[in-house]
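Commentary on secondary and tertiary structure
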Amino acid sequence: MGNGSSFLGRYLGQYYFPVANTTGVNTTWNFFSPDPAHIMYVHYIVHFEDDYGNPTKDPKEYFYPEQKDGSNFAMNVRRHNYMMRFMVIDPIRVAQFFVPWVCKQNPGSTKVQFALILNRIPSLDKVITLKDTPYSDLLTTEELNQNVYSCQKPN
């Protein structure tokens, strides 16, 4: 019932919706839903510059999570990933929590270039209609919350 628009919900719902409505289990479970969710990861580049904006060393590029495909289903990894989703969706949280942590992990860094990458899962109708198309070609990728944040220098 938590994901009524899923494959099972759409094709078997006519049988179990009446029972679920009668027994009161027709409420959604948004904390865990949707699962599988859209694949989401962070792409960030750490820059090292002098006072005039000249690079002092090569920038470092990172992805979080590193595998970028959502393939690790271990419970501790999933909890951490859900927490990261909550944090990185809001640019204010990124500036308050994520950027200071990244700057601390990279001594001498001056700014962090940030983007949230979202691979949208195709709709069931699209997958059925284009069933001969490879699944990876049906995913659409978006970059959200693109921003450059400054690292604060220690006093």
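All of these numbers come straight from a predicted model, not from anything done at the bench. Residue positions are given per chain, counting from 1 as you read along its sequence in written order. Only residues with pLDDT of at least 70 get local features here, since the model is predicted, and only at 80 or more are side-chain atom pairs given and counted; chain-wide, interface and lining totals rely on the full set of residues. Calculated side-chain values reflect all of the structure's heavy atoms, with hydrogen atoms and water omitted.

**Observations regarding the state of the cysteines**
- Cysteine sulfur atoms are paired as a disulfide whenever they come within 2.5 Å of each other. With the rule as written, the count across this model stands at one disulfide.
- Linked covalently through their sulfurs, C103 and C151 form a disulfide whose S-S length is 1.9 Å. Torsion about the S-S bond of the C103 and C151 cystine: about -70°, corresponding to left-handed handedness. Here the residue C103 occupies a position in helix α3 (residues 91-105), and C151 occupies one in the segment after β4 (140-150), the gap between them amounting to 48 residues. Helix numbers and strand numbers start at the N terminus; a helix is a DSSP run of H or I with at least 4 residues, a strand a run of E with at least 2.

**Considerations on the pattern of salt bridges**
- Only one rule defines a salt bridge in this text: a Lys or Arg side-chain nitrogen within 4 Å of an Asp or Glu carboxyl oxygen. The tally for this structure, following the rule as stated, stands at two salt bridges.
- Across the pair E49 and K111 runs a salt bridge, and its minimum N-O distance is 3.3 Å. Of this pair, E49 sits in strand β1 (residues 39-49) while K111 sits in strand β3 (residues 111-120), and the two are 62 residues apart along the sequence.
- For E49, a relative accessible area of 22% gives the class partly exposed.
- The salt bridge partner of R93 is D90, with a shortest N-O separation of 3.9 Å. Categorising residues by exposure relies on relative accessible area from a 1.4 Å probe, with only protein chains included: less than 20% of the type maximum marks a residue as buried, more than 50% marks it as exposed, and the intermediate range marks it as partly exposed.

**A closer look at the side chain of T110**
- Among the structural elements, T110 can be located in the loop between α3 and β3.
- A polar atom in the side chain of T110 sits 3.2 Å from the backbone nitrogen of E49.
- Any two residues whose heavy atoms approach within 4.5 Å are treated as being in contact. Aside from chain neighbours lying at most four places away, what touches T110 is H47, F48, E49, Y149, S150 and C151. Counted as a polar contact is a pair of N or O atoms within 3.5 Å, where, for protein atoms, one must be capable of donating a hydrogen and the other of accepting one, and residues adjacent in sequence contribute only when both atoms are in side chains.

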